[in-house]
Each structure stands twice: as C-alpha cells, then as structure tokens.
Amino acid sequence: QVQLVESGGGLVQPGGSLRLSCTASGIAFNIYTVAWYRQAPGNEREWVAMISRSDNKEYRGSGKDRFTISRDNAKNTVYLQMNNLKPEDTAVYYCNTYPFKAEFWGQGTQVTVSS
C-alpha cells in the first residue's frame, strides 16, 4: 500500500520560511519524478515544483524563484524549502508523482502565510 505523508506546514508571517517534507511508504520514491502540489479552497490543485530521478528540477508560478525542491533517497523523502513566503502561497501542499496517481494523494500539510 502506497502512503505519502506530508509534514512541515504551519503558520508563518510574510517573508518567512518553511521546509516541507514528503515521506513515502510502499513505493520506491527514487525511481519516480516527484512533485509538490498545492491547492487552496475553490482553486484547482497545481504543481509548484518537481524533481526527477536524475535530480533535474523544475518550478512554476510565483514560487520558482523562492522554492527549492530536493530529495533524500535514503529516507525516501522529498523536501520543499520555501523562502520569502507570501500570503498567496497559503494552501494545502501535497506531494505525488508526476504525472500524479489519484490513489497516491495524502492528507497534505497546511501552509498559512499571514501577519
């Protein structure tokens, strides 16, 4: 059974930083392209960063100059370092493969950026 568990979210002020973690069970994470996605209520889920098995990285949207994705294959974990956070970054953040598998979605971790 595949399980993806996101953690590291929280409440931060604008300009603050968070590091999110995504730990996988039941899947060899290192053989997949893995992405971070985010979704705010009423909005579509969108990918914000991805990392390939060869460690190539891509970013999109407003986070491309502020976010860094990385992976630790020994821990079966993918990280998202988020700096200079903005209120518009507020969302639930999820990890999944890219392309995603519907059955892989976890609970996500809430990121709230507010003063």
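Residues numbered from 1 in each chain as written. Predicted model: local features only at pLDDT ≥ 70, side-chain atom pairs only at ≥ 80, totals over all residues. Heavy atoms only, no water.

Draft legend 1. Local environment of the overall build of the protein. Within the protein, the regular secondary structure consists of zero helices and ten strands. Each helix and strand of the protein, placed in order from N terminus to C terminus, yields the pattern β-β-β-β-β-β-β-β-β-β. Its C-alpha atoms give the protein a radius of gyration of 13 Å, near enough to 13 Å, the size a compact globule of 115 residues would have. Looking at the 115 residues of the protein, the share that counts as buried comes to 43%. Look at the contacts in the protein between residues 6 or more apart in sequence, and 53% of them connect residues 24 or more apart. (Helix = DSSP H or I, 4+ residues; strand = E, 2+ residues; numbered from the N terminus. Rg over C-alpha atoms; globule rule 2.2 N^0.38 Å. Buried < 20%, exposed > 50% of the residue type's maximum accessible area, 1.4 Å probe, protein only. Contact = heavy atoms within 4.5 Å.)

Draft legend 2. Structural view of the side chain of Thr 109. Summarising the element assignment, Thr 109 is placed in strand E10 (residues 109-113). Judged by relative accessible area, which is 9%, Thr 109 ranks as buried. A distance of 3.0 Å separates the side chain of Thr 109 from the backbone nitrogen of Gly 9, its partner in a polar contact. If we ignore the near neighbours within four places in the chain, the residues touching Thr 109 are Glu 6, Ser 7, Gly 8, Gly 9, Leu 20, Ala 91, Val 92 and Tyr 93. (Polar contact = N/O pair within 3.5 Å; in protein donor to acceptor, adjacent residues only side chain to side chain.)

Draft legend 3. Main features of the packing of aromatic side chains. Under the definition given, this model contains five aromatic pairs. Between Tyr 37 and Trp 105 the ring centres are 5.0 Å apart and the planes differ by 80°, which places this aromatic pair in the edge-to-face class. Linking Tyr 37 in strand E4 (residues 34-39) with Trp 105 in the loop between strand E9 (91-97) and E10, this pair joins segments that are 68 residues apart in sequence. Three or more aromatic residues joined by ring pairs form one cluster here, namely Tyr 37, Tyr 94, Phe 100 and Trp 105. A cation over an aromatic ring shows up here: Arg 45 above the ring of Tyr 94, its NZ or CZ 3.8 Å from the ring centre. In this structure, Arg 60 packs its charged tip against the face of Trp 47, placed 5.9 Å from the ring centre. (Phe/Tyr/Trp six-rings, centres within 6.5 Å; stacked < 30°, edge-to-face > 60°. Lys NZ or Arg CZ within 6 Å of the ring centre and 35° of its normal.)

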